[in-house]
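A closer look at the structure
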Amino acid sequence: MIIDSLQNASKYFGLHPNFKKAFDYVNQNDISNLPDGAIEIGEGLKLIAISGQGNTREEAVKGFECHDQNIDIQISLKGPETFAWKPREKCVNPNGEYSDERDVRFFHDAPDTFFELQENQFAILFPEDVHTAMIGEGLLRKVVIKVKI
C-alpha cells in the first residue's frame with residue numbers, strides 16, 4: 001500500500017505502466033465534477049466516481065475486500081475519508097468465494113489499522129491489501145481507478 005498526495009504521484013509512475021496514464025487523466029480532467037459511475041479511461045484503466053454518506057467503521061468492515069486482477073488507486077475528493085486495512089496474508093476468514101466477474105474477495109477479519117485520507121490524497125492498494133473505505137461523517141466523494149494487472 002502507498003499513501004501520498006496527488007502532487008507526488010509522479011514518484012510512482014515506474015511501478016506500473018498505466019500509473020502515469022491514470023494520474024495524467026486525473027490532472028487533465030475535472031474529476032471532482034464527474035457524475036457517479038464508471039468510465040473507461042484507457043486500456044486496462046477504469047475510473048469509478050463515488051459519492052455518498054460516510055459509514056461507521058462497523059458498517060464499512062462488512063465490505064472488507066481485496067482484488068486479484070486490479071490495483072486500486074483511490075483518491076479522496078471530499079473528506080476526510082477513513083480506510084481500514086490488513087495484509088492479505090493475515091486474513092483467514094473469507095466471506096464467500098472470489099468473484100472473477102467482479103474481481104473481489106471479501107473477508108470477515110478485523111482490520112489491523114485505520115488511516116485517513118484528506119482531500120487530494122490517494123492510496124494505492126495492491127492485491128495484497130485487504131481494505132475498505134468510505135468511513136466518515138457527512139458526504140464523501142472519491143474516485144477509484146482500477147488498474148488492470
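Further up the page is the structure itself.
A brief report on the enclosed structure follows. (Residues numbered from 1 in each chain as written. Predicted model: local features only at pLDDT ≥ 70, side-chain atom pairs only at ≥ 80, totals over all residues. Heavy atoms only, no water.)

1. Some points on the pairing of strand 3 (residues 45-53)
Sheet topology note: the strand 2 (residues 37-42)/strand 3 ladder contains five bridges and is antiparallel. Across the sheet, the residue bridging to Ile39 is Leu47, located in strand 3. The pairing of strand 3 with strand 11 (residues 139-148) spans nine bridges and is antiparallel. From the neighbouring strand, Gln53 faces strand 11, where its bridge partner is Leu139. (Pairing = 2+ DSSP bridges. Helix = DSSP H or I, 4+ residues; strand = E, 2+ residues; numbered from the N terminus.)

2. Observations concerning the packing of aromatic side chains
On inspection of all chains with the given rule, the structure shows four aromatic pairs. Cluster of aromatic residues (ring-pair linked, three or more members): Tyr12, Phe13, Phe23 and Phe122. Sitting above the plane of the Phe114 ring, Arg57 keeps its charged end 3.8 Å from the centroid. (Phe/Tyr/Trp six-rings, centres within 6.5 Å; stacked < 30°, edge-to-face > 60°. Lys NZ or Arg CZ within 6 Å of the ring centre and 35° of its normal.)

Distances and angles like these do not, on their own, reveal function.
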